[in-house]
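Architecture and fold: a report
Single-letter residue listing:
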Amino acid sequence: MTIFRGTFIDTPENPFNGGNLRVDSETGLLVQDGVIVARGPFLEIRSAHPAEQVVDLTDGVVLPGFVDTHVHFPQIRAVGGLGLPLLEWLDRYALPEEARMADVSYATSVANEFVRGLAAAGTTSALVFGAHYSDAVDALFNAASGVGLRVTSGLVLSDRLLRPELLTTPVRAYAESLALANRWHGVGRNRYAVTPRFSLSCTDDLLATCRELMDAIPGALFTSHVNENEAEIASVADLFGGADYVTTYDRHGLVDRRTVLAHNVHPTDVELKMLATSGATVAHCPTSNAALGSGLFPLSRHLQYGVRVALGSDVGAGTGFSLLKEGLQAYFCQQLLADQGRPLTAAHLLYLSTTAGAEALDLPQVGHLSVGQHFDAQLLRPADGSPLAVAITHAEDTEEALARIFTLGTPADVQAVWINGTLLH
């Protein structure tokens, strides 16, 4: 067993529903086989377990590992392609990189960069948009297994409108997806997600195949995009006889508690009600929405209807892996919406980055640092004299310090990351 000593900050209860930020200083967490088995004042924990190793983290702040609910593995080398809206950006930057995943050596190199980038940003769990090629998805799962990340991913499916080399058929999609799931789903920390790119590039026949895959893979998640860009939404309506975007998935039974849909910047009230009733989650991707000019996320409307929301980095339209940056951008977005926005505190930002994501990904064992949880955590310790170090030193309380971490923090301030109690190297 190991005792971790430090200041621990987490959100075991939803602050949107009255939960408070939990801050415990000079605290000890006793971890056995990766699980927190006791938590309390350090001296009490130490007295009860005098022979156990102590890991002293008192020179920083410990947060739960971040949970990224939407990020594209093939697009890490496309980050920074600015100046275009969604569909033009896809054609110019993202889809050429997606096509390069046909080269297994290239995909393997990207996969290694990708998982290292997630871990370095303090992200320990992620719902990852995979690739259009099975061998590339294998490379991702292999790389994630090597690092120890909790990754849920799958083969990306499309059968129209994209570059020809990215297209599949319903029969091939089923066979390749099921083979990948048989290799990886439930193996180590890997899980499978049925992943059509978006309704725009999927026929009804392919979406029906996605439903068949959900039935064939117990415990699989479903993820795709929805209502990101107004031109995209209009095209989807044209292709599906005027149906709203959420209905294009729901008519195939693809919207339920296991569903995570990214963006939803321009939803109708009917769609929000449908998402709330089903228990689906929306992955809010603030830097991507801003970079592509997609719009300002209507968080208040989502909360009004009871739709679950978590954060996603959406690399490569998103501007990096750090959910600190996404949290800050989420805050900016709500400020810009003025009286239509939902004012956010540091507690809200931490919740969206951790516990909300864990709930969305059906990972009840992570997201906060309570007894019984797995010790997925990160140590933030800024360099002496850095703007963040100065800001933390002069914060009035720990919640204000956390706000400054979201404002000024970067992956460079993440000094250590643990998954299941194991320090990542």
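Let me sum up the structure you'll find in this document. Since the model is a prediction, treat every value here as computed from it, not as a measurement.

Some words on the pattern of salt bridges
Overall, the coordinates contain 17 salt bridges when judged by the stated rule. Residues Asp24 and Arg39 are paired through a salt bridge, measuring 2.8 Å at the closest nitrogen-oxygen approach. Taken together, the positions of Asp24 in strand 2 (residues 22-32) and Arg39 in strand 3 (residues 35-41) put the pair 15 residues apart, joining distant regions of the chain. Judged by relative accessible area, which is 18%, Arg39 ranks as buried.

Side note on the side chain of Thr259
Topologically, Thr259 is positioned in strand 11 (residues 259-263). Ignoring sequence-local partners within four residues, the contact set of Thr259 consists of Phe222, Leu254, Ala280 and Thr281.

Regarding the packing of helix 5 (residues 170-184) against helix 6 (residues 204-216)
Orientation of helix 5 relative to helix 6, taken along the N-to-C sense of each, is 25°, at an axis distance of 9 Å. Relative to helix 6, the element helix 5 is oriented roughly parallel. As helix 5 runs across helix 6, the sense of the crossing is right-handed. Of helix 6, the residues touching helix 5 (which contributes Pro170, Ala173, Tyr174, Ser177 and Leu178) are Asp205, Leu206, Thr209, Glu212, Leu213 and Ala216. In terms of residue class, the contact of helix 5 with helix 6 is made up of seven nonpolar, two polar and two charged.

Focus on the nonpolar core
Grouped together as the largest cluster of nonpolar side chains are 105 residues, with contacts concentrated most on Phe73, Phe114 and Tyr249. Counting contributing residues, this core receives three or more from each of domain 1 (2-64 + 367-423) and domain 2 (66-361). For Tyr249, the contacting residues outside a window of four places in its chain are Phe198, Ser199, Leu207, Phe222, Ser224, His225, Val226, Leu254, Val255 and Leu261. Counting residues in hydrophobic clusters, the runner-up holds 13 residues, among them Phe8, Val31, Leu369 and Phe375.

Brief notes about the state of the cysteines
For the structure shown, the criterion picks out zero disulfides. Cys202 supplies the cysteine sulfur nearest to Cys210, a cysteine that is in no disulfide, at a spacing of 6.1 Å. Free of any disulfide, Cys285 has its nearest neighbouring cysteine sulfur in Cys333, separated by 12 Å.

Remarks on unusual backbone geometry
Here Val315 and Gly316 are connected by a cis peptide whose omega angle stands at 10°. One non-glycine residue, Leu161, lies in the positive phi region at around 70°. By secondary structure assignment, the location of Leu161 is in the loop between strand 8 (156-157) and helix 5. Note on Leu161: relative accessible area 61%, which makes it exposed. Its identity is not glycine, yet Asn264 carries a phi of approximately 50°, on the positive side. The topology assignment puts Asn264 in the loop between strand 11 and helix 9 (269-278). Owing to a relative accessible area of 0%, Asn264 belongs among the buried residues under this scheme.

What to know about the environment of His302
With respect to the element layout, His302 can be found in helix 11 (residues 299-305). Note: C-alpha distance between His302 and Ala276 (26 residues apart in sequence) is 8.3 Å. If we skip the residues at most four places from it in the chain, His302 touches Asn264, Pro267, Leu272, Val282, Phe297, Val307 and Val309.

Let's talk about the packing of aromatic side chains
One pass over the structure, following the stated rule, counts 10 aromatic pairs. Ring geometry for Phe141 against Trp184: centres 5.3 Å apart, planes inclined by 25°, an arrangement best described as stacked. Taken as a pair, Phe141 in helix 4 (residues 134-147) and Trp184 in helix 5 lie far apart in primary sequence, 43 residues in all. A relative accessible area of 0% means that Phe141 is categorised as buried. Seen from their ring centres, Phe375 and Trp418 are 5.8 Å apart, and the 55° between their planes marks the pair as tilted. Here the residue Phe375 occupies a position in the loop between helix 14 (355-360) and strand 14 (377-380), and Trp418 occupies one in strand 15 (residues 414-419), the gap between them amounting to 43 residues. Here Phe375 matches Trp418 in class, with each residue buried.

Let's talk about the pairing of strand 3
Looking at chain direction, strand 2 and strand 3 are connected through six bridges and run antiparallel. Bridging from a neighbouring strand, Thr27 pairs with Pro41 of strand 3. Count of turn residues in the strand 2/strand 3 antiparallel hairpin: two residues, of which Asp33 carries a positive phi of about 55°.

Focus on the pairing of strand 7 (residues 150-154)
Burial analysis of strand 7 places five of its five residues in the buried class, the great majority of the element. Pairing geometry for strand 6 (residues 123-129) and strand 7, over five bridges, is parallel. Bridging from a neighbouring strand, Phe129 pairs with Gly154 of strand 7. The parallel pair strand 6 and strand 7 is bridged by helix 4, and the resulting crossover is right-handed. Sheet topology places strand 7 next to strand 9 (residues 191-196); two bridges connect them, and they run parallel. Note that in strand 9 the partner of Thr152 across the bridge is Arg191.

A look at the sheet that holds strand 15
Ordered by their spatial adjacency, seven strands build an open sheet running 3-2-1-4-14-15-16, and the pairing between neighbours is mixed. The sheet is open, and its two edges are formed by strand 3 and strand 16 (422-423), each paired on a single side.

Section: the environment of Ala131
Summarising the element assignment, Ala131 is placed in the loop between strand 6 and helix 4. Residue Ala131 is classed as buried on the basis of its relative accessible area of 0%. With 33 residues separating them in the primary sequence, Ala131 and Glu98 have C-alpha atoms 6.7 Å apart. Discounting residues that sit within four places of it in the chain, Ala131 has contacts with Phe73, Pro74, Glu98, Met101, Ala136, Val137, Gly154, Leu155 and Val156.

Reading the values: the criteria
Residues numbered from 1 in each chain as written. Predicted model: local features only at pLDDT ≥ 70, side-chain atom pairs only at ≥ 80, totals over all residues. Heavy atoms only, no water. Salt bridge = Lys/Arg side-chain N within 4 Å of Asp/Glu carboxyl O. Helix = DSSP H or I, 4+ residues; strand = E, 2+ residues; numbered from the N terminus. Buried < 20%, exposed > 50% of the residue type's maximum accessible area, 1.4 Å probe, protein only. Contact = heavy atoms within 4.5 Å. Axes fitted to C-alpha atoms, helices over the stretch in contact; angles between N-to-C directions. Parallel < 35°, antiparallel > 145°, perpendicular 65-115°, else oblique. Left-handed = near helix turned anticlockwise from the far one by under 90°. Nonpolar A, V, L, I, M, F, W, Y, C, P; charged D, E, K, R; others polar. Core = buried A, V, L, I, M, F, W, Y, C linked by side-chain atoms within 4.5 Å. Domains from an automatic or database assignment. Disulfide = S-S within 2.5 Å. Phe/Tyr/Trp six-rings, centres within 6.5 Å; stacked < 30°, edge-to-face > 60°. Pairing = 2+ DSSP bridges. Right-handed = clockwise from strand over helix to strand, strands pointing away.

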